[in-house]
Each structure stands twice: as C-alpha cells, then as structure tokens.
Amino acid sequence: MGTQGLEGRACFWASSLRISGHATFELGATWIHGSHGNPIYHLAEANGLLEETTDGERSVGRISLYSKNGVACYLTNRGCRVPKDVVEEFSDLYNEVYNLTQEFFRHGKPVNAESQNSVGVFTREEVRNRIRNDPDDPEATKRLKLAMIQQYLKVESCESSSHSMDEVSLSAFGEWTEIPGAHHIIPSGFMRVVELLAEGIPAHVIQLGKPVRCVHWDQASGCPRGPEIEPRGEGDHNHDAGEGSQGGEEPRGDRQDEDEQWPVVVECEDCEVIPADHVIVTVSLGVLKRQYTSFFRPSLPAEKVAAIHRLGIGTTDKIFLEFEEPFWGPECNSLQFVWEDEAESRTLTYPPELWYRKICGFDVLYPPERYGHVLSGWICGEEALVMEKCDDEAVAEICTEMLRQFTGNPNIPKPRRILRSAWGSNPYFRGSYSYTQVGSSGADVEKLAKPLPYTESSKTAQGSSSEQLPGHLLSSKCPEQSLEPNRGSIKPMQVLFSGEATHRKYYSTTHGALLSGQREAARLIEMYRDLFQQGT
C-alpha cells in the first residue's frame, strides 16, 4: 500500500511501496546519506535494518546510485554510447569545477557578476571554457563533452530538487554539509525508520488524516480568538475513545475551564479545535509558500515571510519501470541520456510538450534478486509537474520511446508496470525538499526556524539551529518574565518550526529533518527545566 501522506507529515518524505510482496520501492527518501554520526544510520544499524543491505548498496560517490558495482552507460540521442575515456575525462573536469563551487562559502571567495551568483551559470561557463580551451581534444569530442554539461546539471538539479541549478545560490552552496561515510539503502523500506521513531508513543496520541486549517497563536495575550476557534473538550485528540478512555467519558476538568486561555489553538479542517501550550510545525517549505497567509493567525512576522519567499523548494520525481527481462547488460548500473543538440544550450527549461527532455536517465535497481528487472528514472522542476499531470500509459510510452532511441534498440518492449511519485502536486508537500535559492542564504534558514513569538533570547540565539546534535540541549535562555506561567503573560515558544528546510547544514536530508525535530524538543525541555529551577 502507498503511504505518502503519513510519512511526509513525519518530515521524512518516506513513501515505501511494496509490490508483489518481494520488494519495497521508495517513492521518497531512498538513501541514508553518510554514516559517521548520522542519527538515521545509527538508528537503522541498531535495529537491524541494514542486515540485508548488500555491499553493492553501500555506495560511496557524491551522487547516490542503487549500486556502486558496474558502470554508468552514457548514451546519446543518436543511439550511440559515449566512449568510456570521454566520460571519465569529463567527469574529472566536472568534479574539479564542482569543488570550486564549494569555495565561495567555505573560503569566503567573492562571487563575480558574470556568474549571477548561480551554481548553474558558474558551472556551465567554467566547464565550457575549459573544454573549448583544451588543445588535445578534436572538435567532435569537444562537442560531445559540451553536450554532457547539460546532462550533469540535470542530475545535479535532481539532487538539489531545484528546477535548474541556475536557481541555486553559488555563495551559499558550500554551506550544505555532507556526512562522511557510505550511502546506505534500507531493504525493508525507509518507513521502518518512521515506525521505529513512533514506537512507544500511544496510538491514540497520534491522529492521522487530520488536516490542519489554521494555527491560532498568541491567544493569551489578547489577540481576537473568534467564536469558531473556542476550544471544545469533546474534540480533544488526547481524550478520545482510545487507550485508557471510554467512548462516553467526559474530558478532564482542566480542559473544561471556561476561563482558561491557551496560547495556541489548532483549528482542523473538520472544525475540531485543539488547544495547546506549544505547537511544532513540520510542514514542508512548499506548503508554507502556498499557505502561510492563511495558515497562521496572527500573521507570521515579516522577516519569516521574507525567508519563506527567498528559500527555494522544487520537485524531484521518480519513475519506476518494471520489465520482464533486462535489455541492459549486467555491468550497467545506469543509463544516462545525453542530448547532442544541447551542446550550446544555456537553459534547462523546456516547453510542456518536451517535458521528457528533463529526464536525466534511469538507474538500475540492485540487486535484481530483490527488485526484479526495474529501472528508476529521475526528473525534476517544472517538467516534473507536467509529468505528474500525464497518465501512466502516456508516461510509460514516452519513456519506452526514449529508451529505444538512446540505446539504439527499437525492440525494447513496453514495461509491464509503472510506478511514479507526484510530490509537486501533493497538497501536503508541494515539492520534494529545499535548497538555498539565488538571493537566499543560511541566515534565512535560521529565520525560518526561529520560534514564535519572538523574544530577546530568540533574537540573539539564532545560531543554534545548525549546531544541535542528538542529546545536546540548546543554550537559549528565556527572559524570566516570559517564563511567568500566570495567565495573560506572553508565553514563549508557542509555535516552533522543524523539518529539513529549517536545518542550516543538513537541509534536504532525512537526518536534517530528524535533527531539527530533536532541536525543537530540546528547546522546550530546557525552557521547562529553567522554569522548574526558578520555582524551587
């Protein structure tokens, strides 16, 4: 069964689908990126989730593959394979330039005007100039390498979940931090991580399929509440007919106090209201961009709104194709598409009818004993949104034609089955994961993560959102008057924000999402610890 809605609300993008009972296909998160100090890795390792992970599934490259074994087959739209030595030469050149993109942030290197502070613009022009100035390559080889630039930038765009690397900030690109160690696949599915995290939480405490309409915060300080958000005890999700309660039982008296004012009230789409002292918002940046004006009352502070606008989020989708028999060789771990007519192209945007040109290639799922004969295609950006609107039959037909064209094999049959994601059009995600867009920086991530309402401590202790590690508490001291529990005071940390987009160093990753949740829990723990110490 597909479970996209459930996993996304846990901020893991884990949508694990089991087909024919023999394999789990990940529509969302696939790899644990890095192992040294990665809390996701340690959780999976400690609970035996990696016992069936094969050696080939522990890839070590910067770009993740389903298997480190074998080679990537670069194919042109004329049905020719790019020679291995050309691929290796180009790859070395591209990686040299990629390393240069990291220096602007890490070493404070100034960005020149020609690059437009864009990773894509800088990379494309730097690689292009080096290819053209190479005295040893014949013109045909140079032409082929120039065409490969666009293919590599498509892969990079899928990795960044941007429409195009042209939209990714060059000055901020190097702040994203890679955890050392191999990338690991969880054979039983990434959902197992979410299930492990949920263990020990009573089932009646978690409500699924419960969309929220609005978070009303700062209620106790006199903001208008309106009759439609008056808390109703009978709808309290902590006192429904679940564990430890009976269906006709009245809620506890503390929820019935008519004079009680809760600082936060969560209004659900089914009109139930849930009062709270604190709410941790984990919705994606895509949802915030679409709904921030209606999702919070009172409105968000201007600097948080500006950060939401400046930061970027795009869509990266997968297209799984299952075949009766493999038409690729056993040494092939991926089929990469190089359009020779894009050698001089300076854009990664295509008209809607040519959306398929944004598919950078298909990876071979490994091992076949587990998955069968399956390819996983990658597409991102606006073209992914166009793909999401097509039906399965149309997508399967177009992908088959592309495979025939690039392999030069007109006899490739249509796949027996197709499975694909649709993160961009999913109303609970509106994209896959975030990136630092041109014009944004890590400071915007800090602003997005800052709890509401703002206090002096939250204004001066912003740097902690990227430094917190598992089990470490934050040193964000709240002013004594803001901790005063008396009714009518401005209670701190009413609305907190977590999710991958709020982690300055590990945005776009599952470990970033988990660490951000631990960070917000630590904020509350330390606040109440300080309050307890003040009262003793």
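Residues numbered from 1 in each chain as written. Predicted model: local features only at pLDDT ≥ 70, side-chain atom pairs only at ≥ 80, totals over all residues. Heavy atoms only, no water.

## What to know about the packing of aromatic side chains
Operational definition: Planes of paired rings set the category: under 30 degrees apart is stacked, over 60 is edge-to-face and the rest tilted, where pairs are Phe, Tyr or Trp rings (Trp by its six-membered ring) whose centres lie within 6.5 Å. In this text, helices come from DSSP runs of H or I with a minimum length of four residues, and strands from runs of E with a minimum of two, each type numbered from the N-terminal end. Relative accessibility thresholds used throughout: buried, under 20% of the residue-type maximum; exposed, over 50%; partly exposed, between the two (1.4 Å probe, protein chains only).
By the definition in use, this model includes 21 aromatic pairs. Measuring from centroid to centroid gives 5.7 Å for F25 and Y371, while their planes differ by 55 degrees, and the two rings are tilted. Placement of F25 in strand β2 (residues 23–26) and of Y371 in helix α9 (residues 368–371) is noted, with a sequence separation of 346 residues between them. When sorted by exposure, F25 lands in the same class as Y371, which is buried. Between F323 and W328, the aromatic rings sit 6.2 Å apart at their centres with planes inclined by 80 degrees, giving edge-to-face as the arrangement. Classification of F323 as buried rests on a relative accessible area of 3%. Residue W328 is classed as buried on the basis of its relative accessible area of 13%.

## What about the nonpolar core?
Put simply, the test is: Think of a nonpolar core as a cluster: buried Ala, Val, Leu, Ile, Met, Phe, Trp, Tyr and Cys residues, connected wherever their side-chain atoms sit within 4.5 Å. By definition, residues are in contact when any of their heavy atoms lie within 4.5 Å.
Judged by nonpolar contacts, the single largest core of 31 residues is most densely connected at F90, V127 and M148. Elements with a minimum of two residues in this core: α3 (84–106), α4 (119–132) and α5 (139–160). No other element matches α3, which puts nine residues into this core. Contact partners of M148, with chain neighbours within four places excluded, come to Y74, V82, V86, V87, F90 and V338. Counting residues in hydrophobic clusters, the runner-up holds 26 residues, among them I319, A396, C399 and M402.

## What to know about the environment of L365
Locating L365 in the fold gives a position in the loop between β14 (361–364) and α9. L365 sits in the buried class, given a relative accessible area of 2%. Between the alpha carbons of L365 and S376 there is a distance of 6.9 Å; along the sequence they are 11 residues apart. Leaving out residues up to four positions away in the same chain, L365 has contacts with F25, Y66, F320, Y371, V374, L375 and S376.

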